[in-house]
Amino acid sequence: MASGSTWTPKQNKLFENALAIYDKDTPDRWHNLARAVGGKTVEEVKMHYENLVEDLKQIESGHVSLPPYKKARGSKGYNYMDEEQRFSGIHI
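(A) Here's a closer look at the nonpolar core. Core analysis: the largest hydrophobic core is formed by 11 residues, namely Trp7, Phe15, Ala18, Leu19, Leu33, Ala34, Val37, Val42, Val45, Tyr49 and Val53. Contributing elements (two or more residues each) for this core: helix 1 (9-21), helix 2 (29-37) and helix 3 (42-60). For this core, the element with the most residues is helix 3, which contributes four residues.

Structure, rendered in structure tokens:
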């Protein structure tokens, strides 16, 4: 997700958390998101969001394959269907 500026893991986490708080109907959403992340302009936050949405579209359409995860010993494996069901309620 290249947004033209560098984002630290901490800023990404702050961004994710802020998205959960400030939904699309929040007044001054972009200003609130930029303030919550810190060190980013409103334009940088918008671009980061647009890149995230594009990444999600690519993943959901099957254009991005999942990495070859290895099963842990004694593990029954990872059920991707459970994850798909968890994310099915997310609307961006």
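(B) Representation of unusual backbone geometry. The phi dihedral of Asp28 is positive, around 55 degrees, even though this residue is not glycine. Examined against the element boundaries, Asp28 turns out to sit in the loop between helix 1 and helix 2. Classification of Asp28 as exposed rests on a relative accessible area of 55%.

(C) Examining the packing of helix 1 against helix 2 more closely. Close contact between helix 1 and helix 2 brings their axes to 8 Å; oriented N to C, the two are set at 145 degrees. Of the two possible hands of crossing, helix 1 and helix 2 adopt the one that is right-handed. On helix 2, the residues that touch Gln11, Leu14, Phe15, Ala18 and Leu19 of helix 1 are Arg29, Leu33, Ala36 and Val37. In terms of residue class, the contact of helix 1 with helix 2 is made up of seven nonpolar, one polar and one charged.

(D) Spatial organisation of the side chain of Asn32. With respect to the helices and strands, the residue Asn32 is situated in helix 2. Those residues in contact with Asn32 that lie beyond four places of it in its chain are Tyr22, Thr26 and Pro27.

(E) Focus on the environment of Thr6. Inspection of the secondary structure puts Thr6 in the segment before helix 1. As a C-alpha pair, Thr6 and Glu44 span 38 residues in sequence and 9.8 Å in three-dimensional space. What Thr6 contacts, discounting residues up to four positions off in sequence, is Gln11 and Lys40.

(F) Highlighting the packing of helix 1 against helix 3. Put simply, helix 1 and helix 3 touch, their axes get as near as 12 Å, and they point 80 degrees apart. Taken together, helix 1 and helix 3 sit at an angle that is classed as roughly perpendicular. Contacts between helix 1 and helix 3 involve Asn12, Phe15 and Leu19 on the former and, on the latter, Val45, His48, Tyr49 and Leu52. By residue class, the composition of the contact of helix 1 with helix 3 is five nonpolar, two polar and no charged.

Analysis parameters
- Residues numbered from 1 in each chain as written.
- Predicted model: local features only at pLDDT ≥ 70, side-chain atom pairs only at ≥ 80, totals over all residues.
- Heavy atoms only, no water.
- Core = buried A, V, L, I, M, F, W, Y, C linked by side-chain atoms within 4.5 Å.
- Buried < 20%, exposed > 50% of the residue type's maximum accessible area, 1.4 Å probe, protein only.
- Helix = DSSP H or I, 4+ residues; strand = E, 2+ residues; numbered from the N terminus.
- Axes fitted to C-alpha atoms, helices over the stretch in contact; angles between N-to-C directions.
- Left-handed = near helix turned anticlockwise from the far one by under 90°.
- Contact = heavy atoms within 4.5 Å.
- Nonpolar A, V, L, I, M, F, W, Y, C, P; charged D, E, K, R; others polar.
- Parallel < 35°, antiparallel > 145°, perpendicular 65-115°, else oblique.

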